[in-house]
Amino acid sequence: MARVVVDVMLKPEILDPQGKAVHGAFGRLGFDGVADVRQGKRFEITLDGEATEEQVAEIRKAADTLLANPVIEDYTLHVEGDQ
């Protein structure tokens, strides 16, 4: 079985209030040296068998229409080996 991973992040110009809250918590909890935090989403999609070009194209289409909002989010997609 193969796994396709889709990582979704807010575009850099979009305010990330959850990331800002986590960044503030780092300082309050004594974790120094953290310049910025951005929060995102990770989808791990396990396929039956190997990841064909057609299956990856379908997942990319799903990422474009379902997993990510293209107005405010970017995503990366990669295939991991056999699980």
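Residues numbered from 1 in each chain as written. Predicted model: local features only at pLDDT ≥ 70, side-chain atom pairs only at ≥ 80, totals over all residues. Heavy atoms only, no water.

Asker: Any chance you could break down the packing of aromatic side chains for me, citing the residues and the numbers?
Answerer: Taken as a whole, this structure holds one aromatic pair when the rule is applied. Judged by centre distance (5.8 Å) and plane angle (80°), the ring pair of Phe26 and Phe31 falls under edge-to-face. (Phe/Tyr/Trp six-rings, centres within 6.5 Å; stacked < 30°, edge-to-face > 60°.)

Asker: Explain the sheet that holds strand 3 (residues 73–80) residue by residue, including any values.
Answerer: Across the sheet, which stays open at both edges, the three strands sit in the order 2-1-3 with antiparallel pairing between neighbours. At either end of the open sheet lies a strand with only one pairing partner, and these are strand 2 (40–47) and strand 3. Recorded for the sheet is a direction-independent mean angle of 15° between the axes of neighbouring strands. The sheet contact formed by strand 1 (residues 2–10) and strand 3 spans eight bridges and is antiparallel. Bridge pairing links Val4 to Val79 in strand 3. Helix-sheet contacts for helix 2 (residues 53–67) involve strand 1, strand 2 and strand 3, and the interaxial angle to strand 3 is about 155°. (Pairing = 2+ DSSP bridges. Helix = DSSP H or I, 4+ residues; strand = E, 2+ residues; numbered from the N terminus. Axes fitted to C-alpha atoms, helices over the stretch in contact; angles between N-to-C directions. Contact = heavy atoms within 4.5 Å.)

Asker: Which residues make up helix 2, and what are the values?
Answerer: Regarding helix 2, the residues found buried are Val56, Ile59, Ala63 and Leu67. One side of helix 2 carries all its buried residues, which in axial view fall inside an arc of 60°. Exposed and oriented more than 90 degrees from the buried face of helix 2 are Glu53, Glu54, Glu58, Lys61 and Thr65. (Buried < 20%, exposed > 50% of the residue type's maximum accessible area, 1.4 Å probe, protein only. Arc of directions from axis to C-beta.)

Asker: Describe a nonpolar patch on the surface, and please don't skip the residues or the numbers.
Answerer: Residues Leu29, Phe31 and Val34 make up a contiguous nonpolar surface patch of roughly 300 Å² in combined accessible area. Counting through the fold element by element, Leu29 comes out in the loop between helix 1 (17–28) and strand 2. The class for Leu29 is exposed, based on a relative accessible area of 63%. (Patch = residues over 30% accessible without salt bridge, like charges linked within 9 Å, V, L, I, M, F, W, Y side chains within 5 Å. Areas by Shrake-Rupley, 256 points an atom, 1.4 Å probe, with all protein chains shown as cover. Salt bridge = Lys/Arg side-chain N within 4 Å of Asp/Glu carboxyl O.)

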